[in-house]
Amino acid sequence: MRHIRSAVLAAAALLTFAGGAVHAAPAAQAAVPFPSIGWQQRNCDYDGNGFDDVLAGAPGATVSGANSAGYVTVQYSSSSGLSTTRKSVLHQNTSGVPGGAEAGDGFGRAVASGDLDNDGYDDAIVGIPGEDLAGLSDAGAVTIFWGSPTGLHGSDSTWLENTDAPRAGANFGRAIEAARYSAPDPADPNADPRDSIAVLEDDALLFFTAQPGGAGQQVTMSQRSLRARDFAPADGGLEFRSLSHGNYNEDSFADLAVSGVTTGNQPGTGTVHVLHGAPDINELGDGGTFPGGPAIVSGDWDGTGQDDLVIGDTGTGSPRGGGITLYTGRGDLSGLEPEPVQYWTQDSTGIPGVAETGDQWGAELSAGDTDGDGHPDLAIGAPGENIGNISNAGAVWVLRGDRTGLTNTGAKSFDQQHADIPGTAETSDRWGSQVRLIDANKDGRFGLLAAAPGENTNDGFVWVIPASSSGLIARGTWNYSGSQLGAPAANAQFGTAIDE
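This structure is a prediction, so every number in the text was calculated from the model and none was measured. (Residues numbered from 1 in each chain as written. Predicted model: local features only at pLDDT ≥ 70, side-chain atom pairs only at ≥ 80, totals over all residues. Heavy atoms only, no water.)

Draft legend 1. Geometry of the overall build of the protein chain. The secondary structure content of the protein chain amounts to 1 helix and 30 strands. Taking 500 residues into account, the globule formula puts the C-alpha radius of gyration at 23 Å, and the protein chain, at 21 Å, falls close to it. Projected onto its principal axes, the C-alpha coordinates of the protein chain cover approximately 55 × 50 × 45 Å. In the protein chain, which comprises 500 residues, the share counted as buried stands at 60%. By sequence separation, contacts in the protein chain at least 24 residues apart represent 59% of the contacts at least 6 residues apart. A total of about 17,000 Å² of accessible surface is found on the protein chain, and carbon and sulfur atoms cover 47% of it. On the protein chain, the mean spot of the 24 positive side-chain charges and the mean spot of the 62 negative ones are 5 Å from each other. (Helix = DSSP H or I, 4+ residues; strand = E, 2+ residues; numbered from the N terminus. Rg over C-alpha atoms; globule rule 2.2 N^0.38 Å. Buried < 20%, exposed > 50% of the residue type's maximum accessible area, 1.4 Å probe, protein only. Contact = heavy atoms within 4.5 Å. Areas by Shrake-Rupley, 256 points an atom, 1.4 Å probe, with all protein chains shown as cover. Lys, Arg positive; Asp, Glu negative; His and termini not counted. Charge placed at Lys NZ, Arg CZ, Asp CG, Glu CD.)

Draft legend 2. Quick peek at the environment of D373. Assignment of secondary structure puts D373 in the loop between β20 (364-368) and β21 (377-382). Under the relative-accessibility criterion, D373 is labelled partly exposed at 38%. The spatial distance from the C-alpha of D373 to the C-alpha of D203 is 40 Å, given a sequence separation of 170 residues.

Draft legend 3. Structural context of the layout of surface pockets. A volume near 1,300 Å³ is recorded for the largest pocket. Taken together, 50 residues line the largest pocket, and the ones lying closest to its centre are R241, S242, E364, Q434 and R436. Looking at the lining of the largest pocket, the elements that each hand over two or more residues are β4 (110-114), β8 (175-179), β12 (237-246), β16 (294-299), β20, β24 (434-438) and β30 (497-498). Its residues placed into classes, the lining of the largest pocket shows 20 nonpolar, 18 polar and 12 charged. (1 Å grid on protein atoms, 1.4 Å probe; cavity = no way out; pocket = protein on both sides within 12 Å on 5 of 7 lines; lining within 4 Å. Points joined across faces, edges and corners; volume = space filled by probe spheres on them. Nonpolar A, V, L, I, M, F, W, Y, C, P; charged D, E, K, R; others polar.)

Draft legend 4. Broad picture of the sheet that holds strand β5 (residues 123-128). Taken in spatial order, the 4 strands make up an open sheet running β4-β5-β6-β7, and their pairing is antiparallel. A single partner strand is all that each edge strand has here, and the edge strands are β4 and β7 (158-160). Strand-to-strand twist across the sheet, computed as the mean angle between neighbouring axes with direction ignored, equals 20°. With 3 bridges joining them, strand β6 (residues 141-145) and β7 adopt antiparallel strand pairing. When the bridges of β7 are listed, T143 appears paired with W159. (Pairing = 2+ DSSP bridges. Axes fitted to C-alpha atoms, helices over the stretch in contact; angles between N-to-C directions.)

Draft legend 5. Representation of the sheet that holds β30 in the model. Read across the sheet, 4 strands follow the order β3-β2-β1-β30 without closing on themselves; strand pairing throughout is antiparallel. One side of each edge strand has no neighbouring strand; the edge strands of this open sheet are β3 (87-90) and β30. Bridge count between strand β2 (residues 71-75) and β3: 4 bridges; the pairing is antiparallel. Directly across from V72, in β3, lies its bridge partner L90.

Draft legend 6. Structural detail: the packing of aromatic side chains. Counted under the stated rule, the structure contains 10 aromatic pairs. On the basis of an interplanar angle of 70° and a centroid distance of 5.8 Å, the ring pair of Y181 and F207 is categorised as edge-to-face. Pair noted here: Y181 is in the loop between β8 and β9 (196-200) and F207 is in strand β10 (residues 204-210), with a separation of 26 residues, a long-range link. Take Y181: its relative accessible area is 1%, and that puts it in the buried class. (Phe/Tyr/Trp six-rings, centres within 6.5 Å; stacked < 30°, edge-to-face > 60°.)

Draft legend 7. Structural view of the pairing of β12. Most of β12 sits inside the fold, with 7 of its 10 residues counted as buried. As judged from the 9 bridges shared by β12 and strand β13 (residues 255-263), these two strands associate in the antiparallel manner. Paired with S244 across the two strands is A257, which belongs to β13.

Draft legend 8. Representation of the nonpolar core. One finds I324 and L378 to be the most contacted residues of the largest nonpolar core, which totals 22 residues. Going through the elements one at a time, β16, β18 (323-327), β20, β21, β22 (395-402) and β23 (405-414) are the ones with two or more residues in this core. In contact with L378, other than residues within four places in its own chain, are V297, W301, V310, I324, L365, S366, W397, V398, L399 and L406. (Core = buried A, V, L, I, M, F, W, Y, C linked by side-chain atoms within 4.5 Å.)

Draft legend 9. Representation of the pattern of salt bridges. Applying the stated criterion to the full structure yields 10 salt bridges. Note that E201 and R167 form a salt bridge whose closest N and O atoms lie 2.5 Å from each other. Of this pair, E201 sits in the loop between β9 and β10 while R167 sits in the loop between β7 and β8; the two residues are 34 residues apart in sequence, bridging distant segments of the chain. Across the pair E239 and R174 runs a salt bridge, and its minimum N-O distance is 3.2 Å. Residue E239 is found in strand β12, and its partner R174 is found in the loop between β7 and β8; the two are separated by 65 residues along the sequence. Residue E239 is classed as partly exposed on the basis of its relative accessible area of 24%. Look at R174 and you get partly exposed, because its relative accessible area is 24%. (Salt bridge = Lys/Arg side-chain N within 4 Å of Asp/Glu carboxyl O.)

Draft legend 10. Structural detail: empty space enclosed by the protein. Tallied over the full model, the rule gives 3 cavities of 30 Å³ or more. A volume near 70 Å³ is recorded for the largest cavity. Every residue lining the largest cavity is counted, 13 residues in all, and those nearest its centre are D53, R436, L437, I438 and D499. Of all the secondary structure elements, the ones that give two or more residues to the lining of the largest cavity are β1 (54-58) and β24. Considering every element that reaches the lining of the largest cavity, the biggest residue donor is β24, with 3 residues. Across the lining of the largest cavity, the residue classes tally to 7 nonpolar, no polar and 6 charged.

This is how it looks when you write it as structure tokens:
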């Protein structure tokens, strides 16, 4: 592939660019603690200054000579927007981080955030699904970096693993999501509210909570776990893939959507199961099973105050090129409607492009209000999209939200062939493999981060597309890789994971 340079352009309206050396964010006053329940509680402010930060993973990176050991980067935001100056680079050879960088660890293949200790500073959770434990290959692990007035550091990080039954090939930490699924003390659910961590293995879902009053940040694993076989069809198995949280039933606890794909004789079909939060983690409720996946994202698209769920349908049996389905909340404690209110593909009226086999339209999803009208919009990644004769170059679409859910009015698509987007579409860039909408400067408009982990022969880049009163605009787009953040770039697959 032809290599590109990082383009440093004046970013319009939302996000700004600055360069410089690695250093931590300045001291800040922590926000009032508030656990994550609905999608609108963005939980990625690690230095407590009131602005959402960006956590990105580069699991393919070489660290201290170890191939695919991986790292994560943290970019601290302010009223000026997203910065490449105020940042941290963290990996398993960072001082104080448990373990050590080893070939194939894949540190940063999954990332998440939440206020786990109720101190007003959000904490970062990093998956290491390729970690070997006591001779068990790819058993997997997770590292927590605790937020502080100066951001994230390795010195007080915490190690998690499956303490009950670590297994070879389990890939603990393949997906992570933090929210208030339950209370530390079910008898007094309003005491010490905090986010818990949901961690996926290939075939299991486990929960972890930082205990109030514990010595330091003491995190314990819940006795409650769920197995993929509990949700599998009668004639086959299931492999877990991804997680999303939202408040689908309007109570004071977050609900969790868990996606997977079938295994066995008919592999690859997507399915999503919803769990309703409860004061006691052992009493999580059944919120229903929905077809499609594995991509999922939560948001209140119809403006009712109750979260909805969008499922990207790109598995076996999906429509040609992929599609997305919107399920809305019923407006009461019963959760999501069992039938979808909308279904979209590239062949839907008003959607740019044409559905083609292998597009993977809906393989990545993100929610955010790009035009400031009060309704979240939906970013849709299609990393398999061909641009002309260039295969798997990738592209991103944005559908606007309105009181009906999603509308084709003002639907847009973006790719690297656009004159205002740096670089050129190339084979296997897979632009849009990760999409994240983020309001970095807190002006009420969400810009887009679109990642291409395959760019520059798997170095990986992230593009920043700014927002305006008319939604996302290509003019002013800029991009960066791990090298602009002071991190190794070669084969890093930078942007493989970006926290939602």
